[in-house]
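Structural overview for review
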Amino acid sequence: QVQLVESGGGLAQPGGSLRLSCAASGFTFSSDVMGWYRQAPGKQREFVAAISWSGISTYYADSVKGRFTISRDNAKNTKYLQMNSLKPEDTAVYYCAARLGSDIYTSSNEYPYWGQGTQVTVSS
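Structural notes, computed from the coordinates.

Conventions we followed
Here the residue index of a chain counts from 1 through its sequence in written order. Totals for whole chains, interfaces and linings use every residue, but because this is a predicted model, local features are given only for residues with pLDDT of at least 70 and side-chain atom pairs only at 80 or more, for both listing and counting. Only hydrogens and water are removed before side-chain values are computed, so all heavy atoms of the structure are retained for them. We call a set of buried Ala, Val, Leu, Ile, Met, Phe, Trp, Tyr and Cys residues a nonpolar core when their side-chain atoms join them within 4.5 Å. Each residue gets one of three labels from its accessible area relative to the maximum for its type: buried under 20%, exposed over 50%, partly exposed in between, using a 1.4 Å probe on protein chains only. By definition, any uninterrupted DSSP run of H or I lasting at least four residues is a helix, any uninterrupted run of E lasting at least two residues is a strand, and each is numbered from the N terminus. Only Phe, Tyr and Trp rings are paired, with Trp represented by its six-membered ring, and only when their centres lie within 6.5 Å; those with planes under 30 degrees apart are stacked, over 60 edge-to-face, the remainder tilted. In this description, the term disulfide denotes a pair of cysteine sulfurs within 2.5 Å. The charge count treats Lys and Arg as positive and Asp and Glu as negative. His and the chain ends do not count. Salt bridge, as applied in this entry: a Lys or Arg side-chain nitrogen positioned within 4 Å of an Asp or Glu carboxyl oxygen. N or O atoms closer than or at 3.5 Å make up a polar contact, with two conditions inside protein: a donor-capable atom paired with an acceptor-capable one, and, for residues adjacent in sequence, both atoms drawn from side chains. Contact definition: two residues touch when any of their heavy atoms are within 4.5 Å.

Things to note about the nonpolar core
M34, W36, V48, F68, L81, M83 and Y94 are the most contacted members of the largest nonpolar core, which totals 32 residues. Looking at this core, the elements with two or more residues in it are β3 (18-25), β4 (32-39), β5 (46-52), β7 (68-73), β8 (78-83), β9 (92-100) and β11 (118-122).

A closer look at the packing of aromatic side chains
Inspection of every chain in the model, using the stated rule, returns four aromatic pairs. Where F47 meets Y59, the ring centres are 5.9 Å apart and the plane angle is 35°; that geometry is what we call tilted. Placement of the pair is F47 in strand β5 and Y59 in strand β6 (residues 58-60), with a sequence separation of twelve residues. Residue class for F47 comes out buried when judged on its relative accessible area of 10%.

Here's the deal with the state of the cysteines
Taken as a whole, this structure holds one disulfide when the rule is applied. Bridging C22 to C96, the disulfide has an S-S length of 2.0 Å. With the S-S dihedral at roughly -75°, the linkage between C22 and C96 falls on the left-handed side. With a gap of 74 residues between them, C22 in strand β3 and C96 in strand β9 connect regions that are remote in the sequence. Assigned by exposure class, C22 and C96 land together as buried.

With respect to the side chain of E6
Looking at where E6 falls in the secondary structure, it is placed in strand β1 (residues 3-7). No salt bridge is formed by the buried E6; the nearest opposite charge belongs to K79, separated by 7.7 Å. Here the side chain of E6 touches C96 through a polar contact of 2.7 Å, landing on its backbone nitrogen. A polar atom in the side chain of E6 sits 3.1 Å from the backbone nitrogen of Q116. Excluding residues within four positions of it along the chain, E6 makes contact with S21, C22, W36, Y94, Y95, C96, G115, Q116, G117 and T118.

So, the pattern of salt bridges
Per the counting criterion, the structure on display carries four salt bridges. Here D32 and R72 are joined by a salt bridge, their closest N and O atoms 2.7 Å apart. Placement of D32 in strand β4 and of R72 in strand β7 is noted, with a sequence separation of 40 residues between them. Here R38 makes a salt bridge to D90, at a shortest N to O gap of 2.9 Å. Placement of the pair is R38 in strand β4 and D90 in the loop between β8 and β9, with a sequence separation of 52 residues. Through salt bridges with shared partners, one network takes in R38, E46, R67 and D90.

The structure is reproduced here in structure tokens:
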């Protein structure tokens, strides 16, 4: 019943910016945590960022800290990932994920709900 749909992926130059969106549906009013993951060809899926329901608590992978910003708009049931200072190493399929509860986890197996992903390519 829960659906997550990512959008906003595309091509960016190194040093450029992209903003990803994740529209969620099928949720009842409850505390939840929304996360972003990414997976590059030949690599394992890795944690990028997560945000609590209130938006007060956030957590970032070291590889993106200071460059990416996660946010959410509960009125629109949407979360965002603002990606600045993009690097070729950021090229991957980015996935929106969600879990019930208030605790933030970085392990993908803690997130039972997933979107289909959106491609981000950083190249000159």
